[in-house]
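Coordinates in review
Each chain, letter by letter, is given below.
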Amino acid sequence: MTTVLRTRAELAATLGPLPGRLAVVMTMGALHPGHETLLRAARERADVVLATIFVNPLQFGPNEDFDRYPRTLEADLAICRAAGVDAVFAPSREELYPGGEPIVRVTGGDLGEELEGASRPGFFTGVLTVVLKLLNLVRPDVAIFGEKDYQQLTLVRRMVRDLELDVEIAGVPTVREPDGLALSSRNRYLSTEERASALRLSAALRAGAAAAGAGRGADGALAAAHRAFGEGTTGAKLDYLVLTDPELGPAPVTGPARMLVAAWVGGTRLIDNVPVELAPVSVPVATPPGG
Ligand code: PAF
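These lines cover the structure that appears in this document, whether it is placed above or below.

1. Looking at the overall build of the protein
Along its length, the protein carries nine helices and nine strands. The C-alpha atoms of the protein give a radius of gyration of 21 Å, which matches the 19 Å a tight globule of 291 residues would have. Across its three principal directions, the C-alpha atoms of the protein cover 85 × 40 × 40 Å. Buried positions account for 53% of the 291 residues belonging to the protein. The long-range fraction of contacts in the protein, counting pairs at least 24 apart against all pairs at least 6 apart in sequence, stands at 71%. Total accessible area on the protein is roughly 13,700 Å²; 55% of this is exposed by carbon and sulfur atoms. Across the protein, 29 positive and 35 negative side-chain charges occur, with their mean positions spaced 2 Å apart.

Below is the structure:
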């Protein structure tokens, strides 16, 4: 049975007596099979699984989609029940921010201002602040986050390390449609035509990862990704396409790396990323004259 908790008092009363290891999956609702994978990963790692559902106003800019963000609580609860979630904490805005929006917030430093942070000022401050608040209210042993929001996952890990939080953070690989589109709550904004354009993001990442693996180096990988994205020829408008190390620092010459992309498709901003293995650069063997 999945218990629905609306207040912090109900949350405390439910969690207090629970024995065993507790996992939390934080969401903004509009759950899809990607979230189900996170819930299943939580189930495998703990005795008790709690999901949170809260559309956090702090992480939306003034011109972003806070008002139209899908709110589908009944369907979300059905998914949680089917995934064997023990409790869902779905507080109101007033319950989570009783004195209004918090004055003291957590920032992600320079890393929080790059990539997503550059296009969405204040986004990671909103995310990290609510994540820390929820970690403090729930006190889980492990918190599960999707790799789909890779910069978010990286910053949450950094926050845990930098602020000495006593919680394990587990990342779960992105779930994709058979044609490569990364699952996202915002995919439901896309028209049929836009959905086809949205495939440019995963196509770019596939091409980049393949070129990296074939020894074309960081520049070759990025060039292949840009070609596959096809800026100007499709309905997708690139925001960024970068290659970094796994912690979002400068890309290495060889070894594990991460390629990340963000683009606008119509009025919808989409992000995606993949792990990349940069193979040693293969130098083409020069053919001798007449050879
Ligand atoms: O990834 C999300 O859905 C949100 O950013 C999170 C972690 C639930 C914080 O509001």
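Here the narrative resumes.
2. Topic: the pattern of salt bridges
Under the criterion given, the structure shown has 13 salt bridges. A salt bridge links aspartate 86 to arginine 43; the shortest N-O distance between them is 3.2 Å. Here aspartate 86 is found in the loop between α3 (73-82) and β4 (87-89), whereas its partner arginine 43 is found in helix α2 (residues 33-45), with 43 residues between them in sequence. The class of aspartate 86 is partly exposed, set by a relative accessible area of 26%. Owing to a relative accessible area of 29%, arginine 43 belongs among the partly exposed residues under this scheme. Aspartate 272 is paired through a salt bridge with arginine 176; the nearest N and O atoms lie 2.8 Å apart. With aspartate 272 in strand β9 (residues 268-278) and arginine 176 in the loop between β6 (168-172) and α8 (192-213), this residue pair connects regions lying 96 residues apart in the sequence. The network of salt bridges with common partners includes Arg93, Glu101 and Arg105.

3. A word on the site of the ligand
The immediate surroundings of the ligand are formed by Met26, Thr27, Met28, Asn56, Gln59, Val127, Val130, Phe145, Asp149 and Gln152. Taking glutamine 59, its side chain carries an N or O atom lying 2.6 Å from an oxygen atom of the ligand. Here an oxygen atom of the ligand sits 2.7 Å away from a polar atom, N or O, in the side chain of glutamine 152. Considered on its own, the ligand offers 290 Å² of accessible surface; in the complex 90% of this is hidden by protein. Those elements that place two or more of their residues in the shell around the ligand are β2 (22-27) and α6 (123-138).

4. A few points about the side chain of glutamine 151
When you line up the elements, glutamine 151 lands in helix α7 (residues 150-162). The class of glutamine 151 is buried, set by a relative accessible area of 4%. The contacts of glutamine 151, once residues within four sequence positions are left out, are Leu111, Glu114, Leu115, Glu116, Gly117, Phe124 and Leu248.

5. Let's talk about α3
Along α3, the residues classified as buried are Asp76, Leu77, Ile79 and Cys80. Around the axis of α3, the buried residues are gathered within 160° of arc, so they sit on the same side. Opposite its buried face, α3 presents the exposed residues Glu74 and Ala82, each directed more than 90 degrees away. The first or second residue beyond α3 is glycine 84, which carries a positive phi of 75°.

6. Some details on the packing of aromatic side chains
Applying the stated criterion to the full structure yields four aromatic pairs. Ring centres of phenylalanine 60 and phenylalanine 66 lie 5.3 Å apart, and the angle between their planes is 65°; on these two criteria the pair is classed as edge-to-face. Residue classification places phenylalanine 60 among the buried positions, given a relative accessible area of 10%. Aromatic rings pair up to connect Phe60, Phe66 and Tyr69 into one cluster. The ring of tyrosine 189 carries arginine 68 above its face, with NZ or CZ at 3.9 Å from the centroid.

7. Focus: the side chain of serine 202
Examined against the element boundaries, serine 202 turns out to sit in helix α8. Apart from residues no more than four positions distant in its own chain, serine 202 is found in contact with Arg176, Asp179, Gly180, Leu181 and Asp272.

8. Topic: the sheet that holds β9
Pairing within the open sheet is antiparallel, and its three strands lie in the order β7-β8-β9. What marks the edges here is a single partner per strand, and that holds for β7 (236-244) and β9. Adjacent strand axes in the sheet meet at a mean angle of 15° when their direction is disregarded. Here eleven bridges tie strand β8 (residues 255-265) to β9, and the two strands are oriented antiparallel to one another.

The rules behind the values
Residues numbered from 1 in each chain as written. Predicted model: local features only at pLDDT ≥ 70, side-chain atom pairs only at ≥ 80, totals over all residues. Heavy atoms only, no water. Helix = DSSP H or I, 4+ residues; strand = E, 2+ residues; numbered from the N terminus. Rg over C-alpha atoms; globule rule 2.2 N^0.38 Å. Buried < 20%, exposed > 50% of the residue type's maximum accessible area, 1.4 Å probe, protein only. Contact = heavy atoms within 4.5 Å. Areas by Shrake-Rupley, 256 points an atom, 1.4 Å probe, with all protein chains shown as cover. Lys, Arg positive; Asp, Glu negative; His and termini not counted. Charge placed at Lys NZ, Arg CZ, Asp CG, Glu CD. Salt bridge = Lys/Arg side-chain N within 4 Å of Asp/Glu carboxyl O. Near = heavy atom within 4 Å. Polar contact = N/O pair within 3.5 Å; in protein donor to acceptor, adjacent residues only side chain to side chain. Arc of directions from axis to C-beta. Phe/Tyr/Trp six-rings, centres within 6.5 Å; stacked < 30°, edge-to-face > 60°. Lys NZ or Arg CZ within 6 Å of the ring centre and 35° of its normal. Pairing = 2+ DSSP bridges. Axes fitted to C-alpha atoms, helices over the stretch in contact; angles between N-to-C directions.

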